[in-house]
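Examining the three-dimensional arrangement
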Amino acid sequence: MRKLLLSFVVITLVCLCTTAQTVRLSASGSGKQFDGIGAVNGGGATSVLLKDYPEPQRSQILDLVYKPQFGASVSTLLVEIPGDGNSTQGSMPSHAHYRGDANFHRGYMWWVMQEAKRRNPALSLDATSWSAPEWVGSFWSDDMVDYYIAWLQGLRRAHGLELDALGCHNEKGWNADFAKHLRKALNERGFPEVKLHGFGNWGDSKMDFLKRMQEDAELRDALDAVCAHTFSEIQLTPEQRQMAEGMGKPIWNSEDHVYLPGFDCLISIVKCFNQNYIVSGATKVVNWYDIGATYPLEPYSKEPPMLLAQEPWSGHYDIREALWGYAHYGQFTRVGWRYVDDGCRNLADGGSMVTMRDPQTGDYSIIAETKGAKKEQTLKVKVDKSLSKANLCVWYSDAQQQFVRLKDIHPKGGSFMLTLKPDAVYSLSTTTGQQKGTFDDVPPSKPFPIPYEDNFEQYEKPVQWGYLPHYLADLIGCFELVERPDSKAQSLADTGVRCIRQTVGSHTLSWAPEWHHYTIVGDAGWEDYEVSADVYLNPGDEAGVMGRLCDVGSGYGIWAKGYYMKLDGQGKATLILTRGKRDQKELIGDKEQQALILARKDVEIGGEYTLDEADISGVAPCQWHNLKLRFEGDLITGYVDGKQAVQATSGHYGKGMAGLIAPLIGRSVSTPYFDNLSIKPLGRTKPQGNPSLPLIKPLY
């Protein structure tokens, strides 16, 4: 019996040895330079509410994303160069609304880069444009070249930051002449070290420009790296990879997507990073996007960001499991390390692994994931003497626990064994200092306070706030702190003169189809309430207040669903139901048909419908008037200067957020002023929270 048992043990050991996958690691092997992993900040106003967080929560959120070896510890950041237009979750203000304009403190993107770089001076900064102001003419114009150069100059002179890389455009095709002109301008105007990458497209044709690069030496010299999007969905073909590598060009993934919940997002992020190199040869990968600081009503507000920061009024935020997927890479690698190709592979029984080494110290890290694996699998890792002989820390994640430290591995004779469980992530490294950063003082979640008001006088120095008021989230255009048009003050530094204005006076070269210029605020659960604001109309303008906004579009297009009342300079007040994107098949114009459509709550065909209208005497341009929209059950009433103007009964939308709107009038864009925003609860909506703002630290 003992002999039989001994034979069984021997056979088992032999089987283990023969089934183990052997990995040999050496500093002398092939492998490209690692250019970083990270995330996009932008592609929409993704951090619009982050700027309004109180301390210490605002700093905690930034630490969890950007501080080295604490949370996500990203090594590269790609930001949107704001262009006033919709770029998924809204718009961010341009540094140049019009030709000759130059304001390098407008908006919050400068602040995001400052804070990220302050936490990690080694962070690689990258940028590109989604939208652009109309005055540049086209995305591929020399005016757009000047637009980019001006932004870089502002980044340097006003904020002391240098950009490491610049993309030609986001998902707007490709243009060889533009890349050549932009490269020449960078070289001649003080930015020769900025790496230019192109062209940031997606779909089956995203790498079609490679053939042109092979034929065009000037284009080949202009682009320091080739890039595209979503290699996790459409990988590079072997021929495309060979073309890029044959020209000596790094391959970058300038936007990938992992839109998944929970742990599935974490492990899929690691798989995405691994596969980007193993299959497509990509040495830099950024995912869209980092911090979900938008209203929950907005598209992609919960997935895919690594952290949710949607309540600046309470200070509450939530860490998603996704953040620790980044940490499995970010805390174990550095830009400038090199891949070890013999340690980069798909695993025999499911999953993948990537190995990188520090060319200076010989330290190395292994990042492995086993998504979808059906059984455990064992790796036998043999380490060449050219690499570090130190023990390896081991960090682990599965569906039950994320980013926990296991027992260290002590190699013997230059080798060690590692058994990988299915559906798990492992990071091994001879480096030290990793930690699972956390904070114990995260405040509890609270609803948006109501009643709520803002007379815009609290922003003593609007430049310190990027000229943006708290809690307003612009979907299109820019609702910016300005001097009141009837003020006698000499500048915004004077007190008692501020209001906001929609300052984008033309259609933009928007990344996506546009609608009216509007901004939102509040709670999507509000039912009965009134929203009011004073409006000042320039000649030809219209302005309005919005309510019960329950949808702001899918991201590619931001047509709202809800109600608004607008006023024009001739005194016409109009109450409108908006049903989102207009469908070409809808029947409009016939009031009886409209009435039938409006009665059917199950049909969402889009369009805008006039519910009531009236002519108000005494209204003219260049005057202040108060607009108020009241919701009580299905009864909707609009007031102008305190007097009832319009009224209708509509049960389409029973709850939603509030907003301000500067409607389009044909090709004209309204640029009205707004002041004294006020929202008060009625009926089923009860007062909630403290209406006073928490102490918020200025951005600049």
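Because the structure is a prediction, the values reported are computed rather than measured. (Residues numbered from 1 in each chain as written. Predicted model: local features only at pLDDT ≥ 70, side-chain atom pairs only at ≥ 80, totals over all residues. Heavy atoms only, no water.)

1. What to know about the sheet that holds strand E26 (residues 517-521)
What the seven strands build is an open sheet, ordered E23-E26-E35-E28-E29-E30-E31; its pairing is antiparallel. The sheet is open, and its two borders are formed by strand E23 (473-476) and strand E31 (608-615), each paired with just one other strand. Taken over all neighbouring pairs, the strand axes of this sheet differ in orientation by 20° on average, direction set aside. In the sheet, strand E29 (residues 561-568) pairs with strand E30 (residues 572-579) via seven bridges, with the strands oriented antiparallel. Note that in E30 the partner of Tyr564 across the bridge is Ile576. (Pairing = 2+ DSSP bridges. Helix = DSSP H or I, 4+ residues; strand = E, 2+ residues; numbered from the N terminus. Axes fitted to C-alpha atoms, helices over the stretch in contact; angles between N-to-C directions.)

2. A closer look at the packing of helix H2 (residues 57-66) against helix H3 (residues 109-119)
Put simply, H2 and H3 touch, their axes get as near as 10 Å, and they point 65° apart. Crossing of H2 against H3: the hand is right-handed. For the pair H2 and H3, the contacting residues are Arg58, Ser59, Leu62, Asp63 and Tyr66 in the first and Trp111, Val112, Glu115, Ala116 and Arg119 in the second. Residues that form the contact of H2 with H3 fall into these classes: five nonpolar, one polar and four charged. (Left-handed = near helix turned anticlockwise from the far one by under 90°. Contact = heavy atoms within 4.5 Å. Nonpolar A, V, L, I, M, F, W, Y, C, P; charged D, E, K, R; others polar.)

3. Observations regarding unusual backbone geometry
A cis geometry characterises the amide bond from Gly198 onward to Phe199, with omega recorded as 10°. Along the chain, the position of Phe199 falls in strand E6 (residues 195-199). Going from Ile450 to Pro451, the amide bond is cis rather than trans, its omega being 10°. For Pro451, the location among the structural elements is in the loop between strand E21 (425-429) and strand E22 (452-454). In this structure, Tyr300 takes a positive phi of about 55° despite not being glycine. Looking at the secondary structure, you find Tyr300 in the loop between strand E10 (291-292) and strand E11 (307-311). Of note, the phi angle at Asn676 is positive, near 55°, even though the residue is not glycine. When you line up the elements, Asn676 lands in strand E38 (residues 673-681). On the basis of relative accessible area, Asn676 is assigned to the partly exposed category, the value being 32%. (Buried < 20%, exposed > 50% of the residue type's maximum accessible area, 1.4 Å probe, protein only.)

4. As for the pairing of strand E4 (residues 124-128)
Within E4, five of the five residues are buried, which leaves the element mostly enclosed by the surrounding structure. Side chains Ser124, Asp126 and Thr128 project from E4 onto one buried face, and the interleaved Leu125 and Ala127 project onto a second face that is buried too. Pairing of strand E3 (residues 76-80) with E4, which is carried by five bridges, proceeds in the parallel orientation. Bridge assignment links Glu80 to a residue of E4, and that residue is Thr128.

5. Some thoughts on the pattern of salt bridges
A full pass over the atoms with the stated rule returns 28 salt bridges. As a salt-bridge pair, Arg405 and Asp408 come within 3.0 Å of each other at their nearest N and O atoms. According to the relative accessible area criterion, Arg405 is partly exposed, its value standing at 47%. With a closest N to O distance of 2.8 Å, Glu530 and Arg630 form a salt bridge. Here the residue Glu530 occupies a position in strand E27 (residues 529-536), and Arg630 occupies one in strand E32 (residues 624-632), the gap between them amounting to 100 residues. (Salt bridge = Lys/Arg side-chain N within 4 Å of Asp/Glu carboxyl O.)

6. Structural notes on the side chain of Lys117
Here Lys117 lies in helix H3. Nearest to the buried, unbridged Lys117 among oppositely charged side chains is Asp164, at 4.2 Å. (Lys, Arg positive; Asp, Glu negative; His and termini not counted.)

7. Describing the layout of surface pockets
When its volume is computed, the largest pocket comes out at roughly 350 Å³. Along its surface, the largest pocket is lined by 18 residues, and Thr88, Glu171, Glu255, His257 and Trp511 are the ones closest to its centre. Class assignment of the residues belonging to the lining of the largest pocket gives a composition of seven nonpolar, seven polar and four charged. (1 Å grid on protein atoms, 1.4 Å probe; cavity = no way out; pocket = protein on both sides within 12 Å on 5 of 7 lines; lining within 4 Å. Points joined across faces, edges and corners; volume = space filled by probe spheres on them.)

8. Let's talk about empty space enclosed by the protein
All chains considered together, the criterion is met by five cavities of 30 Å³ or more. In this structure, the largest cavity occupies an estimated 80 Å³ of space. Along the wall of the largest cavity there are 13 residues; nearest its centre are Val48, Lys51, Leu468, Leu472 and Asp474. When grouped by side-chain class, the residues that make up the lining of the largest cavity number 10 nonpolar, one polar and two charged. The space that makes up the second largest cavity amounts to roughly 60 Å³. Together, Pro82, Met92, Pro93, Ser94, His95, Arg106, Gly107, Tyr108, Met109, Trp110 and Trp151 line the second largest cavity. Among the residues forming the lining of the second largest cavity, the class breakdown is seven nonpolar, three polar and one charged.

9. Observations concerning the environment of Leu166
In this structure, Leu166 sits in strand E5 (residues 165-167). Looking at Leu166, the relative accessible area reads 0%, which means it is buried. Taking the C-alpha atoms as reference points, Leu166 and Phe263, 97 residues apart in sequence, are found 32 Å from one another. Beyond its immediate chain neighbours, meaning those up to four positions away, Leu166 contacts Ile81, Asp126, Ala127, Tyr148, Leu152, Leu182, Leu186, Val194, Lys195, Leu196 and His197.

10. Focus on the pairing of strand E15 (residues 352-357)
In terms of burial, E15 is a largely internal element, six of the six residues being buried. Looking at chain direction, strand E14 (residues 345-346) and E15 are connected through two bridges and run antiparallel. Each bridged residue has a counterpart across the sheet, and for Arg345 the counterpart in E15 is Met353. Note that E15 and strand E16 (residues 364-369) share six bridges and pair antiparallel. Its bridge partner lying in E16, Thr355 is registered against Ile366. Between E15 and the antiparallel strand that follows it, E16, lie six residues; Gly362 among them carries a positive phi value of about 85°.

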